[in-house]
Every structure is written in structure tokens, then in C-alpha cells.
Amino acid sequence: VCNTAHCFLKDIFKLYPEYKNYVIDIIALCARELNRGGWKEIYLIATEGTVQTNIYTEALQRYGIQAILPSKKEQAEIRKYIEAVKQNKITQEIKMDFAQFIYEIECKQILLGCTEIPVLCQSMDKIINKTIIDPLEYVCKELKIRGKRY
């Protein structure tokens, strides 16, 4: 599951409409669930592609939820953390830097809009004073629901 790849979902469904019922749109599902939870704003940690295509921003706006996007400096930091996970180089320094990065985010709600970031979060003991939203948790719950139907 790649959040960024969801920007191509409409094109894929145009080519293969018969698969639409078999694909979980992680972006739309996350926005729906955040709406159910009453969220009004959330800081988005994601790749440059996800941020630049506005796939989360637009989905969240449909529910009146504001996506707070990283600054250019923050985006460079996020890229560093994503690459550390991809390269399996999660060092103590990376963990400490990431914890500090999260701590300094003013928004109390953080959306992990990149599948590598939850891996880094799991390697940390606890993130204090923040609510961390991992869209993959919503996907897993949805898969359980769909599995019970069949």
C-alpha cells in the first residue's frame, strides 16, 4: 500500500473498472474515518508526491478537515526519515531526530500519510502529547469487515 500511488487510482479504475470494488482507497477511507472521529485539522507527514498532488488535502477538505502541510524544511526532514526506513537504517540518531521533529509540530493530531513512517513510529517507545493516525489501521479494520462479508 502506497499513499502516493493513490493519485493514479482514478486512471486505474478507468482502465479496469471491474476492480473498483476490490481496491480500498486508503485516502478516502482515512478522510471518512477522521470525519467520524470529529477531527478538524491534522498535520500531514507524507512524501513530496502525496503533498504536491493534494490527494489528502482534497479528500480531507470534503469533510471540512484542514490538512496542515509541512514547510519545505520539514519536508526535507520527512524525506530523511522515509529514506532511513526504506534503506533499513533506523539508527538511534534517526529515532531521536524523529521524536524531536514530532514534538516540535504544533498540531496535536498527526496523519502518517506514508507507509514507511509507521515503521519508524513503532521503533519508538512513545510519542507524547500527540495523536498519531495511521491510515493502515483503518485499512486493516476495513479488510476485517469485508472478510466477514465473504
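Residues numbered from 1 in each chain as written. Predicted model: local features only at pLDDT ≥ 70, side-chain atom pairs only at ≥ 80, totals over all residues. Heavy atoms only, no water.

Trainee: Describe the packing of helix H5 (residues 72-86) against helix H6 (residues 92-104), with residues and values.
Mentor: The contact between H5 and H6 brings their axes to 11 Å, and the two run at 145°. As H5 runs across H6, the sense of the crossing is left-handed. Between H5 and H6, the residues in contact are Glu74, Glu77, Ile78, Lys80, Tyr81 and Ala84 and Ile94, Asp97, Phe98 and Phe101, respectively. Tallied by class, the residues present in the contact of H5 with H6 amount to six nonpolar, no polar and four charged. (Axes fitted to C-alpha atoms, helices over the stretch in contact; angles between N-to-C directions. Helix = DSSP H or I, 4+ residues; strand = E, 2+ residues; numbered from the N terminus. Left-handed = near helix turned anticlockwise from the far one by under 90°. Contact = heavy atoms within 4.5 Å. Nonpolar A, V, L, I, M, F, W, Y, C, P; charged D, E, K, R; others polar.)

Trainee: With reference to specific residues and values, describe the nonpolar core.
Mentor: With 22 residues, the main nonpolar core has Cys30, Leu34, Ile42, Tyr56, Leu60, Leu111 and Ile133 as its most contacted residues. Counting only elements with at least two residues in this core, the list comes to helix H2 (26-36), strand E1 (41-45), helix H4 (55-61) and helix H8 (135-149). Looking at which element gives the most residues to this core, the answer is H2, with six residues. Excluding its chain neighbours within four sequence positions, the residues that come into contact with leucine 111 are Cys30, Leu34, Ile42, Tyr43, Leu44, Ile45, Tyr56, Leu60, Ile133 and Pro135. Among the nonpolar cores identified, the runner-up in size contains 19 residues, and Tyr43, Ile94, Ile110 and Cys121 belong to it. (Core = buried A, V, L, I, M, F, W, Y, C linked by side-chain atoms within 4.5 Å. Buried < 20%, exposed > 50% of the residue type's maximum accessible area, 1.4 Å probe, protein only.)

Trainee: Could you give an account of the layout of surface pockets, naming the residues involved and the relevant values?
Mentor: Put simply, the largest pocket is a space of about 360 Å³. Around the largest pocket, the lining comprises 13 residues; the ones closest to its centre are His6, Lys10, Asp25, Ile55 and Arg62. Elements represented by at least two residues in the lining of the largest pocket include exactly helix H1 (9-15), H2 and H4. In terms of residue class, the lining of the largest pocket is made up of seven nonpolar, one polar and five charged. (1 Å grid on protein atoms, 1.4 Å probe; cavity = no way out; pocket = protein on both sides within 12 Å on 5 of 7 lines; lining within 4 Å. Points joined across faces, edges and corners; volume = space filled by probe spheres on them.)

Trainee: Please set out unusual backbone geometry residue by residue, giving values where relevant.
Mentor: Despite not being glycine, asparagine 54 has its phi angle at roughly 60°, a positive value. Looking at where asparagine 54 falls in the secondary structure, it is placed in the loop between helix H3 (48-53) and H4. With a phi angle near 55°, asparagine 88 is a residue other than glycine that sits in the positive phi range. Inspection of the secondary structure puts asparagine 88 in the loop between H5 and H6.

Trainee: Explain H8 to me, and be specific about the residues and the numbers.
Mentor: Taking 1.5 Å per residue, 15 residues should reach 21 Å; H8 reaches 22 Å between its end C-alpha atoms and fits that length. Of the positions making up H8, those classed as buried are Pro135, Tyr138, Val139 and Glu142. Considered in projection along H8, the buried side chains sweep an arc of 100° and stay on one side of the axis. Facing away from the buried side of H8 by more than 90 degrees, the exposed set consists of Lys141, Lys144 and Lys148. (Expected span 1.5 Å × (residues − 1). Arc of directions from axis to C-beta.)

Trainee: How would you explain a positive patch on the surface if you had to name every residue and give the values?
Mentor: A grouping of Lys10, Lys14, Lys20 and Arg62 is seen on the molecular surface, where their side chains present a positively charged patch. Judged by its relative accessible area of 66%, lysine 10 falls in the exposed class. (Patch = residues over 30% accessible without salt bridge, like charges linked within 9 Å, V, L, I, M, F, W, Y side chains within 5 Å. Areas by Shrake-Rupley, 256 points an atom, 1.4 Å probe, with all protein chains shown as cover. Salt bridge = Lys/Arg side-chain N within 4 Å of Asp/Glu carboxyl O. Lys, Arg positive; Asp, Glu negative; His and termini not counted. Charge placed at Lys NZ, Arg CZ, Asp CG, Glu CD.)

Trainee: Explain the environment of glycine 147 residue by residue, including any values.
Mentor: Looking at where glycine 147 falls in the secondary structure, it is placed in helix H8. Between the C-alpha atom of glycine 147 and that of aspartate 97, which follows or precedes it by 50 residues, the distance is 39 Å.

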